[in-house]
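Working through the structure, step by step
The lines below spell out each chain.
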Amino acid sequence: AADSSVAEELSSVNVVDFVQGETNVEATGVATGAGPCMLCKAGEIGLEKKILFNGAQTSCPEVYKFLATQAEDGSESCVAGKEALHDQCCMKKCDICSGGGIPDWYSMVNVNGNSMTCLELDGIVAESEIQSGSDQCSQLLEVAAPACCYEPPTKPCNMCNNGSEYNDVMSSVSIEYGGTKATCGQIFNTLFSREEHDSETCSLVKKDLSDQCCYNKCSLCGAMQTNAAQSVMHDETELGCSEFDSYIFASNLIEEGSNECKAFQDEHRESCCYDISCSLCAKGDNIYTTKETSMVQYGGQETTCGEVANFLYQKEMSQGNACLAAQENIFNSCCFEQCEMCEAGASINWAAATTFNGQSQSCTDVYWLLVSESVEAGTQTCNGLSQVSKDCCYQIPTQQCTLCQDENGATYNTRWNKEVTVNGITKSCGDFNSLLATQEHDSKTCSMAKGEIFGECCFAGSETLVAVANQVSTETDAPCSLCKIGQIGIVADIDFNNSPTTCEEVYNFLIDSYLESSTTCKSAQLSLSPDCCREKDKLSPSEEPAFGGDTVTASDNMSSRGQGSITAEEPAPEKPKPTGEKVTPPMEFETWTRLNGSRGKPSFLFTVVVSAASAGVFILSFL
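Now for a look at the structure at hand.

Here we take up the packing of aromatic side chains. How two aromatic rings sit relative to each other is given by the distance of their centres and the angle of their planes. Per the stated rule, a full pass over the model turns up 9 aromatic pairs. Ring geometry for Phe188 and Phe192: centres 6.0 Å apart, planes at 10°, overall stacked. Of the two residues, Phe188 and Phe192 both sit in helix α6 (residues 184-194), 4 residues apart, roughly one turn of that helix. In this structure Phe188 comes out as buried when scored by relative accessible area, which is 15%.

Bringing the sheet that holds strand β37 (residues 545-547) into the picture now. Pairing is antiparallel across the open sheet formed by 3 strands, whose spatial order is β36-β33-β37. Here the strands that pair on one side only, and so sit at the sheet edges, are β36 (533-534) and β37. In this sheet, β37 lies alongside strand β33 (residues 488-490) in antiparallel orientation, the contact comprising 2 bridges. Across the sheet, residue Gly489 finds its bridge partner in β37, namely Phe547.

Within the fold, His268 resides in helix α9 (residues 259-272). Reaching out from His268, the side chain makes a polar contact with the side chain of His234 at a distance of 3.0 Å. Residues contacting His268, with those up to four places away along its chain left out, are Leu220, Val232, Met233, His234 and Phe244.

The next thing to look at is the pairing of strand β13 (residues 180-183). In terms of strand pairing, strand β12 (residues 174-177) meets β13 through 4 bridges, oriented antiparallel. Looking at β13, one finds that Glu176 is bridged to Lys181.

Before going further, it helps to spend a moment on the environment of Val375. Relative to the helices and strands, Val375 is located in the loop between α12 (363-372) and α13 (380-383). Once you skip the residues sitting within four places of it in the chain, Val375 turns out to touch Phe336, Glu337, Gln338, Cys339, Leu370, Thr381 and Cys382.

This brings us to the pairing of strand β30 (residues 419-422). A one-sided burial pattern is seen for β30, the buried positions being Val420 and Val422 and the unburied ones Glu419 and Thr421. Two elements, β30 and strand β31 (residues 425-428), share 4 bridges in a ladder whose sense is antiparallel. Across the sheet, residue Val420 finds its bridge partner in β31, namely Lys427. Linking β30 to β31, which pair antiparallel, is a turn of 2 residues; within it Asn423 sits at a positive phi near 50°.

About the cut-offs
Residues numbered from 1 in each chain as written. Predicted model: local features only at pLDDT ≥ 70, side-chain atom pairs only at ≥ 80, totals over all residues. Heavy atoms only, no water. Phe/Tyr/Trp six-rings, centres within 6.5 Å; stacked < 30°, edge-to-face > 60°. Helix = DSSP H or I, 4+ residues; strand = E, 2+ residues; numbered from the N terminus. Buried < 20%, exposed > 50% of the residue type's maximum accessible area, 1.4 Å probe, protein only. Pairing = 2+ DSSP bridges. Polar contact = N/O pair within 3.5 Å; in protein donor to acceptor, adjacent residues only side chain to side chain. Contact = heavy atoms within 4.5 Å.

The structure is reproduced here in structure tokens:
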């Protein structure tokens, strides 16, 4: 139990020590490429309990640590440990926002007369081991959820937005409202994160507080652009041009139109501000779509909106009289708001399908159809997209479902183009991954889909090396041979550390320094054997044998002098030992480069990124 009085008041959980009896679980060695064994699932907490494990008195945290460091995920030890101890050592904690909504961890909540942040409350819930679904959890949610959880609004309430005019909030000003003291900044942030723009609360607070909390902040450049990279001297201090709006005017509450604001503009506008080309269909911060082929009267003649827009962009600036006049006179004739398939805050599920104009189409095709045909917002066609929106639009999940991520959070590689079937629907693994990204990670849809196609779509590391790792080697203690048994090593050049060497030198280095089961050996074999090794009966006339297997003479006679020796008609003379400084090559061969016959452009480069454990190679990645 926690030491704090708040925790004691919250907690009515009486933890009784659990005695399991003998649990026959044996360690199988240290964890390797499969990932550590996690006793508790994601979202669960480990309980502080005394238990018997392998016949010895210990605690759940000790068992948790033991399995995580000594057993692989999926191993017999891990499975047996979970079956025996998961229910006794793990618990799904009471989630303050389990009923929906996003947690606001720094919001204040009052529980049993104690005021604290929602984050502090969540910590106390974990300490007190309050379980999800318990009566105590239900009582806690009634108090905490309204204060700590919220659904973000589709269009947030901006307290300082008065119709078409956006003012700034005086964040540091303190006021008393509804019997509570707060700053205007706190009230603004609360409304913006929790209230819709058209809610009754938003309208009421705007009416009551806009005069006290909002003002029209001075803008150095007005409708022109600020050169953020430019600096100027002001009162013997160097300031960036953007600092006037973001800091000087905001911290001193300098209003537009005031003498102080005009003085700043007169002094620094020429140095800090610049204009941009005229955009006919720009209004405020919004850019609308141009009706390219619509005809209008401009400059005394009839022309298209597209031609007018192009002329203004090339010849006029945004604050010039010609640009402002055109926007005033022909904006409604030339500009429109594009019909949006999804509401603000929602995303398009590009891989989904829907029915539009009586035909089954992908959401991607419908989107481009709306764009190419210039369908306007508010038209009958746009208003009739309700079914399309249901099929194609989704709210981005708090935590997206990822097809190739296991319950412990480990992410695997995806076979993007492999086709699989779920509930009679055949798609690629990549398409299913896109569809599942619209679902929460703990949803039923996510778990069911993973159960169906995880094994077909997901794999750990390079598929080539996974196959190598799964081979059972009978020569795990043998020295590393660059070529397979029965193959011949040939005379060939390669580059190592940007210096020329030969296949034979690599062969000698491996056989002297590494075992057959080592990661370095497997990596070198996979990378270099195509250029260094040949089947005995597949030597070309231009290839000369150098090492390995049964050595070959120039006349294709066989000899049994031992692997590694090279014979012609007479034994080759013993090589002199090299002199000078001894250089140790890198352990993972990160700079080995294969050459096809001669030194030139490298054709293949690989790097071992995850080392193997005692059982052999597990996960390796190739570039």
